[in-house]
Amino acid sequence: MTDTEAGWVSLTTCLVVGVVTLAVLWLWRSCQVLMTFKRMGVPGPMPIPLFGNMLTMIRQGFAESFPIWNKQYGKIYGIFLPGGPGLVISDLDIIKDIAIKKFSQFPNRLPQEAFKFKPWSGNLLALRGDHWKHVRGILSPTFSSGKLKKMAPAIERVVLNLADNVTVKAKQGEMVELKEFCSSFAMDVFAGAAFGLQVDSVKNPKDPFIRHAHDLLFGRQWLIPILVTFPFLVPLFFRIGLTLSPKETTDFFYDVTESALKERLKEKEKFSDFLQLLVDAEKELEKQHEIDAEIDHRSQLHTSTQWTRKGLTRDEIHSNSLVFLFAGFDTVSTAMSYTLFCLAANPECLRKAQQEVDEKLGKKLADYTTANELVYLDMCLNEALRMFTPGFVVDRQCAEDTEVEGCKVPEGMLIFFPAHAIHNDPQIWPNPTKYDPERHTPEARATRHPCSFLPFGLGPRNCIGMRLAQLEIRMALAAILQRATPVLCEKSVYPPRSFEFGRITSRDGLWVKFQLRD
(Lines give C-alpha, C1' and ligand atoms only; values in the text may rest on other atoms or scores of the structure.)
Protein backbone atom coordinates (compact mmCIF):
# COMPACT_ATOMS: atom_id res chain seq x y z
CA MET A 1 0.00 0.00 0.00
CA THR A 2 1.40 3.37 -1.00
CA ASP A 3 1.67 6.30 1.38
CA THR A 4 -1.14 8.04 -0.51
CA GLU A 5 -3.44 5.05 -0.18
CA ALA A 6 -2.56 4.70 3.48
CA GLY A 7 -3.38 8.36 3.98
CA TRP A 8 -6.78 7.96 2.34
CA VAL A 9 -7.53 4.88 4.47
CA SER A 10 -6.53 6.78 7.60
CA LEU A 11 -8.68 9.77 6.62
CA THR A 12 -11.63 7.53 5.80
CA THR A 13 -11.26 5.73 9.12
CA CYS A 14 -11.20 9.03 10.99
CA LEU A 15 -14.31 10.22 9.16
CA VAL A 16 -16.17 6.98 9.90
CA VAL A 17 -15.14 7.07 13.55
CA GLY A 18 -16.17 10.72 13.73
CA VAL A 19 -19.59 10.07 12.16
CA VAL A 20 -20.20 7.07 14.40
CA THR A 21 -19.16 9.05 17.48
CA LEU A 22 -21.49 11.92 16.55
CA ALA A 23 -24.31 9.45 15.90
CA VAL A 24 -23.76 7.78 19.29
CA LEU A 25 -23.61 11.15 21.06
CA TRP A 26 -26.77 12.30 19.27
CA LEU A 27 -28.56 9.06 20.19
CA TRP A 28 -27.39 9.38 23.81
CA ARG A 29 -28.55 12.99 23.92
CA SER A 30 -31.91 12.02 22.39
CA CYS A 31 -32.38 9.31 25.00
CA GLN A 32 -31.56 11.77 27.77
CA VAL A 33 -34.17 14.18 26.43
CA LEU A 34 -36.69 11.37 26.14
CA MET A 35 -36.13 10.62 29.84
CA THR A 36 -37.10 14.18 30.82
CA PHE A 37 -40.61 13.40 32.05
CA LYS A 38 -39.64 10.11 33.65
CA ARG A 39 -37.18 12.04 35.84
CA MET A 40 -39.91 14.60 36.61
CA GLY A 41 -42.39 11.85 37.51
CA VAL A 42 -44.77 13.01 34.78
CA PRO A 43 -46.67 10.38 32.70
CA GLY A 44 -47.16 10.53 28.95
CA PRO A 45 -47.26 8.58 25.68
CA MET A 46 -44.15 6.65 24.69
CA PRO A 47 -41.96 8.68 22.27
CA ILE A 48 -39.55 7.41 19.63
CA PRO A 49 -36.12 8.93 18.89
CA LEU A 50 -36.02 11.85 16.45
CA PHE A 51 -39.81 11.99 15.96
CA GLY A 52 -40.95 11.98 19.59
CA ASN A 53 -44.76 11.75 19.54
CA MET A 54 -45.06 13.60 16.25
CA LEU A 55 -45.90 10.58 14.10
CA THR A 56 -48.69 9.61 16.49
CA MET A 57 -50.14 13.12 16.25
CA ILE A 58 -49.98 13.03 12.46
CA ARG A 59 -51.71 9.64 12.41
CA GLN A 60 -54.41 10.47 14.99
CA GLY A 61 -54.79 14.13 14.03
CA PHE A 62 -53.37 17.07 15.93
CA ALA A 63 -56.68 18.23 17.44
CA GLU A 64 -57.87 14.68 18.16
CA SER A 65 -54.68 13.48 19.91
CA PHE A 66 -55.08 15.62 23.03
CA PRO A 67 -58.56 14.35 24.07
CA ILE A 68 -57.26 10.77 23.73
CA TRP A 69 -54.17 11.47 25.84
CA ASN A 70 -56.18 13.46 28.39
CA LYS A 71 -58.28 10.36 29.08
CA GLN A 72 -55.18 8.17 29.34
CA TYR A 73 -52.81 10.37 31.36
CA GLY A 74 -54.90 12.97 33.18
CA LYS A 75 -54.57 16.74 33.48
CA ILE A 76 -50.75 16.93 33.32
CA TYR A 77 -48.59 14.79 31.05
CA GLY A 78 -45.57 15.10 28.81
CA ILE A 79 -45.16 14.78 25.04
CA PHE A 80 -42.14 15.13 22.79
CA LEU A 81 -42.04 17.25 19.66
CA PRO A 82 -39.06 18.00 17.40
CA GLY A 83 -38.83 21.38 19.15
CA GLY A 84 -38.36 19.68 22.52
CA PRO A 85 -40.34 18.18 25.39
CA GLY A 86 -43.68 19.80 26.23
CA LEU A 87 -45.96 19.69 29.25
CA VAL A 88 -49.64 19.36 28.34
CA ILE A 89 -51.78 20.94 31.06
CA SER A 90 -55.56 20.77 31.38
CA ASP A 91 -55.79 21.78 35.04
CA LEU A 92 -57.60 25.13 34.85
CA ASP A 93 -56.02 26.61 37.98
CA ILE A 94 -52.52 25.82 36.73
CA ILE A 95 -53.38 27.27 33.30
CA LYS A 96 -54.44 30.52 34.97
CA ASP A 97 -51.27 30.51 37.08
CA ILE A 98 -48.99 30.10 34.05
CA ALA A 99 -50.74 32.31 31.50
CA ILE A 100 -51.72 35.18 33.80
CA LYS A 101 -50.23 35.19 37.30
CA LYS A 102 -46.75 34.04 36.26
CA PHE A 103 -46.75 35.54 32.80
CA SER A 104 -43.24 36.96 33.27
CA GLN A 105 -41.92 33.39 33.58
CA PHE A 106 -43.90 32.22 30.52
CA PRO A 107 -43.94 35.26 28.19
CA ASN A 108 -43.32 33.63 24.82
CA ARG A 109 -45.00 31.28 22.42
CA LEU A 110 -43.41 28.20 20.93
CA PRO A 111 -40.48 29.25 18.67
CA GLN A 112 -41.74 29.50 15.08
CA GLU A 113 -38.90 28.40 12.82
CA ALA A 114 -40.88 29.09 9.65
CA PHE A 115 -41.43 32.70 10.77
CA LYS A 116 -37.78 33.56 11.38
CA PHE A 117 -37.28 35.01 7.90
CA LYS A 118 -38.64 38.02 6.08
CA PRO A 119 -41.36 38.98 5.38
CA TRP A 120 -42.75 37.01 8.37
CA SER A 121 -40.13 37.73 11.02
CA GLY A 122 -41.71 40.87 12.53
CA ASN A 123 -45.20 39.52 13.25
CA LEU A 124 -46.74 39.08 16.68
CA LEU A 125 -46.84 35.29 16.44
CA ALA A 126 -43.09 35.11 15.87
CA LEU A 127 -41.78 37.92 18.10
CA ARG A 128 -40.46 37.25 21.58
CA GLY A 129 -39.46 39.13 24.70
CA ASP A 130 -39.16 42.92 24.61
CA HIS A 131 -39.59 43.08 20.84
CA TRP A 132 -42.98 41.40 21.15
CA LYS A 133 -43.98 43.68 24.03
CA HIS A 134 -43.04 46.73 21.95
CA VAL A 135 -45.12 45.71 18.93
CA ARG A 136 -48.05 44.41 21.01
CA GLY A 137 -48.12 47.67 22.97
CA ILE A 138 -48.40 49.67 19.74
CA LEU A 139 -50.99 47.39 18.12
CA SER A 140 -53.33 47.01 21.13
CA PRO A 141 -55.00 50.44 20.66
CA THR A 142 -55.44 49.57 16.96
CA PHE A 143 -58.08 47.02 17.98
CA SER A 144 -59.92 49.22 20.48
CA SER A 145 -63.67 49.84 20.15
CA GLY A 146 -63.11 53.27 18.63
CA LYS A 147 -60.81 51.90 15.94
CA LEU A 148 -63.12 48.95 15.18
CA LYS A 149 -65.92 51.43 14.52
CA LYS A 150 -63.72 52.97 11.84
CA MET A 151 -63.18 49.58 10.20
CA ALA A 152 -66.87 48.59 10.37
CA PRO A 153 -67.90 50.35 7.10
CA ALA A 154 -65.34 48.30 5.17
CA ILE A 155 -66.85 45.15 6.68
CA GLU A 156 -70.40 46.33 5.89
CA ARG A 157 -69.57 46.56 2.17
CA VAL A 158 -68.43 42.95 2.15
CA VAL A 159 -71.43 41.83 4.22
CA LEU A 160 -73.78 43.35 1.63
CA ASN A 161 -72.05 41.33 -1.10
CA LEU A 162 -72.32 38.23 1.09
CA ALA A 163 -76.07 38.71 1.56
CA ASP A 164 -76.54 39.09 -2.21
CA ASN A 165 -74.53 35.91 -2.85
CA VAL A 166 -76.64 34.00 -0.31
CA THR A 167 -79.78 35.18 -2.08
CA VAL A 168 -78.46 33.90 -5.41
CA LYS A 169 -77.54 30.50 -3.93
CA ALA A 170 -80.98 30.22 -2.32
CA LYS A 171 -82.86 31.08 -5.53
CA GLN A 172 -80.84 28.52 -7.46
CA GLY A 173 -81.47 25.82 -4.82
CA GLU A 174 -77.74 25.12 -4.86
CA MET A 175 -75.96 23.06 -2.20
CA VAL A 176 -73.29 25.17 -0.54
CA GLU A 177 -70.09 24.01 1.19
CA LEU A 178 -69.97 26.45 4.07
CA LYS A 179 -66.23 26.46 4.73
CA GLU A 180 -65.49 27.42 1.14
CA PHE A 181 -68.34 29.94 1.07
CA CYS A 182 -67.32 31.59 4.36
CA SER A 183 -63.68 31.57 3.28
CA SER A 184 -64.64 33.83 0.39
CA PHE A 185 -66.23 36.25 2.86
CA ALA A 186 -63.17 36.18 5.14
CA MET A 187 -60.91 36.87 2.16
CA ASP A 188 -62.99 39.83 1.02
CA VAL A 189 -63.06 41.28 4.55
CA PHE A 190 -59.29 41.03 4.72
CA ALA A 191 -58.92 42.87 1.41
CA GLY A 192 -61.26 45.63 2.57
CA ALA A 193 -60.39 45.89 6.26
CA ALA A 194 -56.62 45.61 5.74
CA PHE A 195 -55.94 47.32 2.40
CA GLY A 196 -59.14 49.22 1.57
CA LEU A 197 -59.62 47.09 -1.57
CA GLN A 198 -63.05 46.01 -2.81
CA VAL A 199 -63.00 42.47 -4.17
CA ASP A 200 -65.64 39.76 -4.56
CA SER A 201 -64.00 36.35 -4.49
CA VAL A 202 -67.29 34.55 -5.24
CA LYS A 203 -67.88 36.43 -8.49
CA ASN A 204 -64.24 37.11 -9.39
CA PRO A 205 -62.14 34.17 -8.08
CA LYS A 206 -59.33 34.97 -10.55
CA ASP A 207 -58.70 38.44 -9.14
CA PRO A 208 -54.89 38.69 -8.57
CA PHE A 209 -55.38 39.56 -4.91
CA ILE A 210 -57.56 36.48 -4.37
CA ARG A 211 -55.19 34.20 -6.27
CA HIS A 212 -52.12 35.32 -4.35
CA ALA A 213 -53.92 35.26 -1.00
CA HIS A 214 -54.94 31.67 -1.73
CA ASP A 215 -51.33 30.79 -2.61
CA LEU A 216 -50.16 32.45 0.60
CA LEU A 217 -52.52 30.35 2.70
CA PHE A 218 -52.71 27.05 0.86
CA GLY A 219 -50.07 27.01 -1.86
CA ARG A 220 -47.55 24.92 0.07
CA GLN A 221 -49.55 23.33 2.87
CA TRP A 222 -47.77 20.05 2.18
CA LEU A 223 -44.67 21.72 3.68
CA ILE A 224 -46.25 22.27 7.10
CA PRO A 225 -45.97 18.65 8.38
CA ILE A 226 -42.34 18.56 7.20
CA LEU A 227 -41.40 21.88 8.82
CA VAL A 228 -43.17 20.95 12.06
CA THR A 229 -41.53 17.53 12.20
CA PHE A 230 -38.07 18.69 11.06
CA PRO A 231 -37.75 22.36 12.11
CA PHE A 232 -33.96 22.25 11.63
CA LEU A 233 -34.60 22.03 7.87
CA VAL A 234 -36.21 25.49 7.76
CA PRO A 235 -32.94 27.44 7.09
CA LEU A 236 -32.00 25.00 4.33
CA PHE A 237 -35.42 25.25 2.70
CA PHE A 238 -35.26 29.04 2.97
CA ARG A 239 -31.89 29.10 1.19
CA ILE A 240 -33.28 27.17 -1.78
CA GLY A 241 -36.48 29.27 -1.87
CA LEU A 242 -38.79 26.59 -0.48
CA THR A 243 -40.81 28.69 1.97
CA LEU A 244 -44.42 28.54 3.17
CA SER A 245 -45.48 30.89 0.38
CA PRO A 246 -44.00 31.30 -3.12
CA LYS A 247 -41.70 34.29 -3.62
CA GLU A 248 -44.04 35.65 -6.30
CA THR A 249 -46.83 35.76 -3.71
CA THR A 250 -44.85 37.43 -0.93
CA ASP A 251 -43.52 39.94 -3.47
CA PHE A 252 -47.09 40.67 -4.57
CA PHE A 253 -48.21 41.46 -1.02
CA TYR A 254 -45.07 43.48 -0.36
CA ASP A 255 -45.89 45.65 -3.39
CA VAL A 256 -49.58 45.93 -2.44
CA THR A 257 -48.66 46.96 1.10
CA GLU A 258 -46.06 49.48 -0.09
CA SER A 259 -48.48 51.01 -2.57
CA ALA A 260 -51.23 51.24 0.06
CA LEU A 261 -48.86 52.78 2.62
CA LYS A 262 -47.69 55.45 0.19
CA GLU A 263 -51.31 56.32 -0.58
CA ARG A 264 -52.14 56.68 3.11
CA LEU A 265 -49.09 58.81 3.81
CA LYS A 266 -49.79 61.31 1.06
CA GLU A 267 -53.60 61.49 1.07
CA LYS A 268 -55.27 64.08 3.29
CA GLU A 269 -58.43 61.97 3.59
CA LYS A 270 -57.80 59.02 5.91
CA PHE A 271 -58.76 55.48 5.03
CA SER A 272 -60.70 53.29 7.46
CA ASP A 273 -58.57 50.16 7.36
CA PHE A 274 -55.88 48.27 9.23
CA LEU A 275 -52.97 49.81 7.33
CA GLN A 276 -54.21 53.34 8.05
CA LEU A 277 -54.35 52.47 11.74
CA LEU A 278 -50.77 51.19 11.59
CA VAL A 279 -49.69 54.43 9.89
CA ASP A 280 -51.46 56.43 12.61
CA ALA A 281 -50.03 54.31 15.43
CA GLU A 282 -46.70 56.15 15.61
CA LYS A 283 -48.35 59.57 15.70
CA GLU A 284 -50.75 58.54 18.45
CA LEU A 285 -48.35 56.69 20.72
CA GLU A 286 -48.33 59.44 23.32
CA LYS A 287 -52.13 59.68 23.46
CA GLN A 288 -54.21 57.76 25.96
CA HIS A 289 -56.58 55.27 24.36
CA GLU A 290 -59.59 53.46 25.68
CA ILE A 291 -58.66 49.80 25.16
CA ASP A 292 -61.10 46.95 25.72
CA ALA A 293 -60.35 44.87 28.80
CA GLU A 294 -59.89 41.64 26.84
CA ILE A 295 -56.85 43.00 25.00
CA ASP A 296 -55.65 45.61 27.49
CA HIS A 297 -52.50 44.21 29.10
CA ARG A 298 -50.50 47.44 29.09
CA SER A 299 -49.47 46.99 32.72
CA GLN A 300 -47.63 43.80 31.73
CA LEU A 301 -46.08 45.13 28.53
CA HIS A 302 -43.27 47.24 29.98
CA THR A 303 -40.14 46.86 27.86
CA SER A 304 -36.53 47.24 28.90
CA THR A 305 -35.03 50.71 29.21
CA GLN A 306 -32.88 49.94 26.15
CA TRP A 307 -35.96 49.54 23.92
CA THR A 308 -36.60 53.17 23.04
CA ARG A 309 -37.75 53.03 19.41
CA LYS A 310 -41.24 54.39 18.77
CA GLY A 311 -43.68 53.20 16.14
CA LEU A 312 -43.36 50.25 13.77
CA THR A 313 -40.69 49.64 11.16
CA ARG A 314 -41.66 48.95 7.56
CA ASP A 315 -40.76 45.28 8.07
CA GLU A 316 -43.04 45.05 11.11
CA ILE A 317 -45.91 46.61 9.16
CA HIS A 318 -45.40 44.15 6.28
CA SER A 319 -45.15 41.17 8.67
CA ASN A 320 -48.24 42.03 10.67
CA SER A 321 -50.29 42.76 7.55
CA LEU A 322 -49.48 39.24 6.33
CA VAL A 323 -50.21 37.59 9.69
CA PHE A 324 -53.48 39.55 9.81
CA LEU A 325 -54.52 37.34 6.87
CA PHE A 326 -52.63 34.21 7.92
CA ALA A 327 -54.02 34.08 11.47
CA GLY A 328 -57.42 35.67 10.88
CA PHE A 329 -58.59 34.04 7.68
CA ASP A 330 -58.95 30.43 8.82
CA THR A 331 -60.25 31.27 12.29
CA VAL A 332 -63.01 33.55 10.94
CA SER A 333 -64.09 31.22 8.16
CA THR A 334 -64.02 28.18 10.48
CA ALA A 335 -66.00 29.84 13.28
CA MET A 336 -68.56 31.29 10.88
CA SER A 337 -69.07 28.08 8.87
CA TYR A 338 -69.42 25.82 11.91
CA THR A 339 -71.89 28.23 13.53
CA LEU A 340 -74.10 28.16 10.44
CA PHE A 341 -73.78 24.38 10.16
CA CYS A 342 -74.71 23.86 13.83
CA LEU A 343 -77.69 26.20 13.46
CA ALA A 344 -78.87 24.28 10.38
CA ALA A 345 -78.70 21.07 12.42
CA ASN A 346 -80.50 22.63 15.41
CA PRO A 347 -83.63 24.39 14.07
CA GLU A 348 -84.83 25.54 17.50
CA CYS A 349 -81.61 27.47 18.08
CA LEU A 350 -81.81 28.79 14.54
CA ARG A 351 -85.34 30.13 15.10
CA LYS A 352 -84.23 31.93 18.28
CA ALA A 353 -81.28 33.48 16.48
CA GLN A 354 -83.44 34.66 13.57
CA GLN A 355 -86.05 36.04 15.95
CA GLU A 356 -83.39 38.10 17.72
CA VAL A 357 -82.00 39.37 14.41
CA ASP A 358 -85.48 40.36 13.24
CA GLU A 359 -86.28 42.18 16.49
CA LYS A 360 -82.96 44.01 16.80
CA LEU A 361 -82.26 44.79 13.13
CA GLY A 362 -85.43 44.54 11.08
CA LYS A 363 -84.21 44.74 7.49
CA LYS A 364 -81.14 46.87 8.22
CA LEU A 365 -77.64 45.43 8.10
CA ALA A 366 -75.90 45.19 11.45
CA ASP A 367 -73.36 47.90 12.17
CA TYR A 368 -70.80 48.10 14.98
CA THR A 369 -73.38 49.05 17.62
CA THR A 370 -76.23 46.72 16.68
CA ALA A 371 -73.92 43.76 16.05
CA ASN A 372 -72.84 43.95 19.69
CA GLU A 373 -76.50 43.82 20.78
CA LEU A 374 -77.06 40.36 19.25
CA VAL A 375 -76.59 38.47 22.50
CA TYR A 376 -78.15 35.13 21.52
CA LEU A 377 -76.33 35.06 18.18
CA ASP A 378 -73.09 35.58 20.08
CA MET A 379 -74.02 32.63 22.31
CA CYS A 380 -74.52 30.51 19.19
CA LEU A 381 -71.10 31.57 17.90
CA ASN A 382 -69.43 30.78 21.24
CA GLU A 383 -70.96 27.32 21.36
CA ALA A 384 -69.63 26.54 17.88
CA LEU A 385 -66.22 27.83 18.99
CA ARG A 386 -66.41 25.53 22.00
CA MET A 387 -67.19 22.43 19.97
CA PHE A 388 -64.92 23.20 17.00
CA THR A 389 -62.11 25.43 18.26
CA PRO A 390 -59.93 26.79 15.39
CA GLY A 391 -57.00 27.47 17.74
CA PHE A 392 -57.22 24.00 19.27
CA VAL A 393 -54.07 24.32 21.38
CA VAL A 394 -52.52 27.29 23.22
CA ASP A 395 -48.75 27.25 23.70
CA ARG A 396 -46.18 28.97 25.92
CA GLN A 397 -42.48 28.49 26.68
CA CYS A 398 -40.85 28.67 30.11
CA ALA A 399 -38.26 31.48 30.28
CA GLU A 400 -36.68 30.48 33.61
CA ASP A 401 -36.80 27.58 36.05
CA THR A 402 -40.18 27.89 37.74
CA GLU A 403 -42.22 25.87 40.20
CA VAL A 404 -45.88 25.50 39.35
CA GLU A 405 -48.17 23.70 41.81
CA GLY A 406 -45.25 21.66 43.14
CA CYS A 407 -44.00 20.77 39.66
CA LYS A 408 -40.56 22.14 38.75
CA VAL A 409 -40.67 23.40 35.17
CA PRO A 410 -37.19 23.87 33.64
CA GLU A 411 -36.16 26.78 31.46
CA GLY A 412 -37.00 26.19 27.80
CA MET A 413 -39.81 23.71 28.50
CA LEU A 414 -42.75 24.00 26.12
CA ILE A 415 -46.23 24.28 27.65
CA PHE A 416 -49.46 23.32 25.88
CA PHE A 417 -53.05 24.04 26.93
CA PRO A 418 -55.27 21.72 24.81
CA ALA A 419 -58.21 24.08 24.32
CA HIS A 420 -60.19 21.72 22.06
CA ALA A 421 -59.85 18.90 24.60
CA ILE A 422 -60.83 21.20 27.49
CA HIS A 423 -63.86 22.46 25.56
CA ASN A 424 -65.05 18.88 25.05
CA ASP A 425 -64.30 17.60 28.56
CA PRO A 426 -67.58 16.25 30.08
CA GLN A 427 -66.38 17.15 33.59
CA ILE A 428 -66.28 20.81 32.56
CA TRP A 429 -68.97 20.83 29.88
CA PRO A 430 -71.67 18.17 30.55
CA ASN A 431 -72.84 16.34 27.41
CA PRO A 432 -70.18 18.15 25.33
CA THR A 433 -71.29 16.78 21.95
CA LYS A 434 -74.64 18.57 22.29
CA TYR A 435 -74.88 22.01 20.67
CA ASP A 436 -76.36 24.20 23.41
CA PRO A 437 -75.93 28.00 23.20
CA GLU A 438 -77.49 28.36 26.68
CA ARG A 439 -74.11 27.34 28.11
CA HIS A 440 -72.95 30.88 27.31
CA THR A 441 -75.52 33.02 29.11
CA PRO A 442 -73.99 35.58 31.51
CA GLU A 443 -75.32 33.51 34.44
CA ALA A 444 -73.77 30.27 33.14
CA ARG A 445 -70.42 31.97 32.46
CA ALA A 446 -70.33 33.33 36.01
CA THR A 447 -70.44 29.81 37.45
CA ARG A 448 -67.56 28.45 35.35
CA HIS A 449 -63.81 28.71 35.74
CA PRO A 450 -62.47 31.65 33.67
CA CYS A 451 -60.02 29.30 31.90
CA SER A 452 -62.66 26.77 30.85
CA PHE A 453 -63.27 28.60 27.53
CA LEU A 454 -60.18 29.49 25.51
CA PRO A 455 -61.14 30.08 21.85
CA PHE A 456 -58.86 33.14 21.67
CA GLY A 457 -56.23 32.09 24.20
CA LEU A 458 -55.77 34.00 27.44
CA GLY A 459 -53.53 36.43 29.26
CA PRO A 460 -51.28 39.07 27.66
CA ARG A 461 -50.61 36.81 24.65
CA ASN A 462 -54.25 36.22 23.81
CA CYS A 463 -55.53 36.93 20.29
CA ILE A 464 -55.22 40.67 19.76
CA GLY A 465 -57.74 40.60 16.89
CA MET A 466 -60.49 38.66 18.65
CA ARG A 467 -62.90 41.60 18.90
CA LEU A 468 -62.50 42.32 15.19
CA ALA A 469 -63.12 38.63 14.40
CA GLN A 470 -66.23 38.55 16.59
CA LEU A 471 -67.55 41.75 15.01
CA GLU A 472 -67.22 40.61 11.40
CA ILE A 473 -68.67 37.16 12.16
CA ARG A 474 -71.71 38.62 13.96
CA MET A 475 -72.33 41.10 11.13
CA ALA A 476 -72.07 38.34 8.53
CA LEU A 477 -74.22 35.80 10.38
CA ALA A 478 -76.92 38.41 10.99
CA ALA A 479 -77.04 39.33 7.29
CA ILE A 480 -77.33 35.69 6.25
CA LEU A 481 -80.08 34.89 8.76
CA GLN A 482 -82.03 37.99 7.66
CA ARG A 483 -82.13 36.78 4.08
CA ALA A 484 -82.18 33.00 4.33
CA THR A 485 -82.47 29.89 6.50
CA PRO A 486 -79.65 27.32 6.33
CA VAL A 487 -80.94 23.72 6.27
CA LEU A 488 -79.19 20.37 6.09
CA CYS A 489 -79.17 18.64 2.70
CA GLU A 490 -78.37 15.23 1.22
CA LYS A 491 -74.61 15.87 1.40
CA SER A 492 -74.65 16.98 5.05
CA VAL A 493 -72.73 14.90 7.59
CA TYR A 494 -73.59 15.93 11.15
CA PRO A 495 -71.84 15.98 13.51
CA PRO A 496 -68.73 16.87 11.47
CA ARG A 497 -65.85 14.42 11.69
CA SER A 498 -62.30 13.68 10.58
CA PHE A 499 -60.44 16.96 10.99
CA GLU A 500 -57.59 17.68 8.61
CA PHE A 501 -53.94 17.90 9.68
CA GLY A 502 -53.53 20.87 11.99
CA ARG A 503 -56.91 22.41 11.11
CA ILE A 504 -60.50 22.12 12.29
CA THR A 505 -61.97 21.39 8.86
CA SER A 506 -64.19 18.38 8.18
CA ARG A 507 -63.12 16.13 5.32
CA ASP A 508 -66.82 15.56 4.55
CA GLY A 509 -67.43 19.27 4.09
CA LEU A 510 -70.10 21.38 5.77
CA TRP A 511 -72.91 21.16 3.23
CA VAL A 512 -76.23 23.02 3.49
CA LYS A 513 -78.86 24.66 1.34
CA PHE A 514 -80.17 28.17 1.88
CA GLN A 515 -83.93 28.73 1.80
CA LEU A 516 -85.11 32.29 1.17
CA ARG A 517 -87.15 33.79 3.96
CA ASP A 518 -90.46 35.51 3.23
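Our subject is the structure listed above.
Trainee: I keep staring at the sheet that holds strand E9 (residues 511–516) and nothing clicks. Help me out?
Mentor: Backbone-to-backbone hydrogen bonds join strands into a sheet, with any given pair of strands oriented parallel or antiparallel. If you walk across this open sheet you meet the three strands as E3-E9-E8, and the pairing is antiparallel. Lying at the two open borders of the sheet, with one neighbouring strand each, are strand E3 (175–177) and strand E8 (484–488). In this sheet, neighbouring strand axes are inclined to one another by 45° on average, regardless of whether the strands run parallel or antiparallel. Of the pairings in the sheet, the one linking E8 to E9 comprises five bridges and is antiparallel in character. Within E9, the position partnered with Pro 486 by the bridge is Phe 514.

Trainee: Looking at this structure, how should I read unusual backbone geometry?
Mentor: With the exception of glycine, the majority of residues adopt a negative phi angle, and the majority of peptide bonds are in the trans configuration. Looking along the chain, the bond that leaves Tyr 494 and enters Pro 495 is cis, with omega of 0°. Positionally, Pro 495 belongs in the loop between E8 and E9. In this model, Asn 431 sits at a positive phi of 50°, which is unusual for a non-glycine residue. Turning to its location among the elements, Asn 431 is positioned in the loop between helix H18 (419–423) and helix H19 (442–447).

Trainee: Which parts of the structure should I look at to understand the sheet that holds strand E7 (residues 414–417)?
Mentor: Judged by pairing direction, the sheet is mixed, and its four strands sit side by side in the order E1-E2-E7-E4 without closing on themselves. One side of each edge strand has no neighbouring strand; the edge strands of this open sheet are strand E1 (76–81) and strand E4 (394–397). Each adjacent strand pair in this sheet contributes to an overall mean axis angle of 30°, direction not counted. For strand E2 (residues 84–89) and E7, the ladder comprises three bridges, and the chain directions are parallel.

Trainee: Mind showing me how you'd approach the pattern of salt bridges here?
Mentor: Think of it this way: side chains of opposite charge can pair up when their charged atoms draw near. Summed over all chains, the structure comprises 13 salt bridges. Two residues, Glu 258 and Arg 314, come together in a salt bridge whose shortest N-O distance is 2.8 Å. You can see Glu 258 sitting in helix H12 (residues 247–266) and its partner Arg 314 sitting in helix H14 (residues 314–345), a full 56 residues away along the chain. Given the relative accessible area of 13%, Glu 258 is considered buried. Judged by its relative accessible area of 36%, Arg 314 falls in the partly exposed class. A cluster of three or more residues bridged by salt bridges with shared partners is formed by Glu 383, Arg 386 and Arg 439.

Cut-offs applied
- Residues numbered from 1 in each chain as written.
- Predicted model: local features only at pLDDT ≥ 70, side-chain atom pairs only at ≥ 80, totals over all residues.
- Heavy atoms only, no water.
- Pairing = 2+ DSSP bridges.
- Helix = DSSP H or I, 4+ residues; strand = E, 2+ residues; numbered from the N terminus.
- Axes fitted to C-alpha atoms, helices over the stretch in contact; angles between N-to-C directions.
- Salt bridge = Lys/Arg side-chain N within 4 Å of Asp/Glu carboxyl O.
- Buried < 20%, exposed > 50% of the residue type's maximum accessible area, 1.4 Å probe, protein only.

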